[in-house]
Amino acid sequence: MTGAPSAWLQRFAPPTPGTALDVACGSGRNLRWLAQAGWQVTGVDRDTAATSALQSLAKIVDADIENAPWPLSQQQFDLVVVCNYLWRPLFDEIRAAVKPGGSLIWETFADGQQAIGRPSRPDFLLQRGELLRVCEGWHIVAYEDLFESGVNPRFVQRVGAIRPPLAA
């Protein structure tokens, strides 16, 4: 059983389905939600055991995106989703995967998380304002950089952004 989809995704996904990319989709909690909402989804992940059950819902690209060339370099999507994943060398590829006028929804762990749990390596934690810098020049729909208390406390950073359309 997979977990619930990201509340941030559910809140800020465009209302009209189109094409979507779920980066590091894992067992598919967000991919499943997108597919059920009518999106044509592509998921990319290196964990073939986790993604094998998703083949009927989406196009699955099995790729080690941290150690091999980006497998979707010629493709763009109406929506790109990144949850609980950070690999800075892919920032440009992820930005380029969003069609002009398309949306990026990204949420992952931020600096401070190392004090309370995993991930603890700074390489896997966003620095303050980092997603705003990734989306520089884009329309920021929503942004959070905060500590969430509760059952699973965590430091998190989130952005919902729209890539500018092509100039006429």
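This is a predicted model, so every value here is computed, not measured. (Residues numbered from 1 in each chain as written. Predicted model: local features only at pLDDT ≥ 70, side-chain atom pairs only at ≥ 80, totals over all residues. Heavy atoms only, no water.)

Participant: Would you mind going over unusual backbone geometry with me for this structure?
Facilitator: Note on backbone geometry: most residues besides glycine have negative phi, and most peptide bonds are trans. Its identity as a non-glycine residue notwithstanding, Ala24 has a phi of 55°, on the positive side. Relative to the helices and strands, Ala24 resides in the loop between β1 (19-23) and α2 (29-36). Taking the relative accessible area as the measure of exposure, Ala24 reaches 21% and is therefore partly exposed. The backbone of Asn84 sits at a positive phi, close to 55°, despite the residue not being glycine. Residue position: Asn84 is located in the loop between β4 (77-83) and α4 (91-96). (Helix = DSSP H or I, 4+ residues; strand = E, 2+ residues; numbered from the N terminus. Buried < 20%, exposed > 50% of the residue type's maximum accessible area, 1.4 Å probe, protein only.)

Participant: Is there a simple way to think about the packing of aromatic side chains in this case?
Facilitator: The geometry of two aromatic rings is summed up by the distance between their centres and the angle between their planes. Evaluation of the coordinates by the stated rule reveals two aromatic pairs. Geometrically, the ring pair formed by Phe91 and Trp106 is edge-to-face, given 5.5 Å between the ring centres and 80° between the ring planes. Of this pair, Phe91 sits in helix α4 while Trp106 sits in strand β5 (residues 98-109), and the two are 15 residues apart along the sequence. (Phe/Tyr/Trp six-rings, centres within 6.5 Å; stacked < 30°, edge-to-face > 60°.)

Participant: Help me out: how do you make sense of the pattern of salt bridges in this one?
Facilitator: A side chain with one charge can pair with a side chain of the opposite charge if their charged atoms come near. Going through the model one piece at a time under the given rule, you end up with six salt bridges. Here Asp78 makes a salt bridge to Lys99, at a shortest N to O gap of 3.5 Å. With Asp78 in strand β4 and Lys99 in strand β5, this pair connects stretches of sequence that are 21 residues apart. Taking relative accessible area as the criterion, Lys99 reaches 29% and is therefore assigned partly exposed. Here Arg88 makes a salt bridge to Glu130, at a shortest N to O gap of 2.6 Å. Residue Arg88 is located in the loop between β4 and α4, and its partner Glu130 is located in helix α5 (residues 130-134); the two are separated by 42 residues in the primary sequence. A residue is classified by how much of its surface remains accessible, and Arg88, at 27% relative accessible area, is partly exposed. Through salt bridges that share partners, Glu107, Glu144 and Arg158 make up one connected network. (Salt bridge = Lys/Arg side-chain N within 4 Å of Asp/Glu carboxyl O.)

Participant: Whenever I open this one, the nonpolar core confuses me. Can you help?
Facilitator: The nonpolar side chains of a soluble globular protein tend to be buried with one another. Leu21, Val23, Val44, Val80 and Trp106 are the most contacted members of the largest nonpolar core, which has 27 residues in total. Only β1, β4, α4, β5, α5 and β7 (154-162) provide two or more residues apiece to this core. Apart from residues no more than four positions distant in its own chain, Leu21 is found in contact with Thr42, Val44, Trp70, Leu72, Phe77, Leu79, Val80, Val81 and Ala97. (Core = buried A, V, L, I, M, F, W, Y, C linked by side-chain atoms within 4.5 Å. Contact = heavy atoms within 4.5 Å.)

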